[in-house]
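Chain residues, written in single-letter form:
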Amino acid sequence: MIFMDDKVQKIGLGTVQFGIPYGISNQRGQTSPKEVARILETAREKQIQFIDTAPAYGNAERLLGQNDLSTFKVISKFMPPESGGSVSDQLKQSLDDLKISSVYGYLAHRPKHLAENVSIWKELKSLKEKELVQNIGVSLNKPYYLEVLLGKNITPDIIQVPFNYFDRRFKDLMISLKKGGCEIHARSTFLQGLFFMDIDQLDSYFDPFIPVLENLQETVENLPGALLNFVLSQPFIDTVIIGVENNEQFIQNLDSLATLSSLPKLTTKIPESILIPSNWPS
């Protein structure tokens, strides 16, 4: 049995909301610098280890760098290098912005580009040898690109993938990689907050999905806790990255684990059009 404290410490802090107003349910916009400091203090108190960030998250890394990150394991990501640039240049900028000397993990934010430019993996290995990076890997949206990378003998130290009550597309690959020693980080536990949205406010795009969502909202007493516990309880997942808009929300998410509610058996196949937020209407 995994106890509550163990589950809390299995959580990592996502920071996309620190740099941009992110998420379909976000009503408050970008998190303020003072609120970020409060969130980080709560994370320290709860002995949360991981912070997940990226230059693609607006000014999140610069904002984080205004705080003491020495107690955290920081994971960042890189984009396809622009003409004349390199992954090493991007890492240097991230380290400067974060005001740290190395990162725990450095992940490809665009796995398709990595698959088409395998030489980047050699560059990542070099950064690892220089001890600027402890672990290298990939952040993914689709299992297909992970299979392509594995087929090119790219074996990640860490993968970060979406996994939640609806989205279990990566499950078999996660189990297989975990057995091989790969560290498995899951994100999108709340599907950008879609699980909690007012049905009447959703775009007609979501109409086929609404009966399933409505059933969850009506039958599960502690929906945030149930959804978070579902992912945390998976033995093949090492860390669950959750994003928060403010400290109050962060504490509520952590406290939701104290009261467990069960989820109904999932009998409906949810299409990728719903599972991948980039497919949603803007």
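Please refer to the structure higher up on the page.
Residues numbered from 1 in each chain as written. Predicted model: local features only at pLDDT ≥ 70, side-chain atom pairs only at ≥ 80, totals over all residues. Heavy atoms only, no water.

The secondary structure content of the chain amounts to 13 helices and eight strands. For the chain, whose C-alpha radius of gyration is 18 Å, the value lies close to the compact-globule estimate of 19 Å for 282 residues. Referenced to the eigenvectors of the C-alpha coordinate spread, the extents of the chain come out at roughly 50 × 40 × 40 Å. Counting across all 282 residues of the chain, residues that qualify as buried make up 51%. Taking the contacts inside the chain whose residues are at least 6 apart along the sequence as the reference set, 74% of them involve residues at least 24 apart. (Helix = DSSP H or I, 4+ residues; strand = E, 2+ residues; numbered from the N terminus. Rg over C-alpha atoms; globule rule 2.2 N^0.38 Å. Buried < 20%, exposed > 50% of the residue type's maximum accessible area, 1.4 Å probe, protein only. Contact = heavy atoms within 4.5 Å.)

Successive residues of a regular strand alternate their side chains across the two faces of the sheet. The buried fraction of strand β7 (residues 183-187) is high, at five of five residues. Neither face of β7 is open: one carries E183, H185 and R187, the other I184 and A186, and all of them are buried. Two elements, strand β6 (residues 158-162) and β7, share five bridges in a ladder whose sense is parallel. Pairing of Q160 across the sheet is with H185, part of β7. One crossover worth recording links β6 to the parallel β7 by way of helix α9 (residues 171-179), and it is right-handed. Examined bridge by bridge, β7 and strand β8 (residues 239-243) share two bridges and lie parallel to one another. In the strand pairing of β8, H185 is matched with T239. (Pairing = 2+ DSSP bridges. Right-handed = clockwise from strand over helix to strand, strands pointing away.)

Moving on to the environment of F209. With respect to the secondary-structure elements, F209 resides in the loop between β7 and α10 (210-219). The buried category is assigned to F209, whose relative accessible area is 4%. Expressed as a C-alpha distance, the spacing of F209 and S273, which sit 64 residues apart in the sequence, is 10 Å.

This next bit is on the layout of surface pockets. Considered as a void within the structure, the second largest pocket measures approximately 160 Å³ in volume. Taken together, F166, R168, R169, L266, T268, K269, I270, P271, E272 and L275 make up the full set of residues lining the second largest pocket. Class assignment for the residues of the lining of the second largest pocket results in five nonpolar, one polar and four charged. (1 Å grid on protein atoms, 1.4 Å probe; cavity = no way out; pocket = protein on both sides within 12 Å on 5 of 7 lines; lining within 4 Å. Points joined across faces, edges and corners; volume = space filled by probe spheres on them. Nonpolar A, V, L, I, M, F, W, Y, C, P; charged D, E, K, R; others polar.)

This part takes up unusual backbone geometry. It is generally the case that most residues other than glycine have a negative phi and that most peptide bonds are trans. At E131, a position not held by glycine, the phi torsion is positive, near 60 degrees. Residue placement: E131 occurs in the loop between α7 (119-129) and β5 (133-139). Residues other than glycine seldom take positive phi values, yet N153 does so here, at roughly 60 degrees. Assignment of secondary structure puts N153 in the loop between α8 (143-151) and β6. Judged by its relative accessible area of 66%, N153 is exposed.

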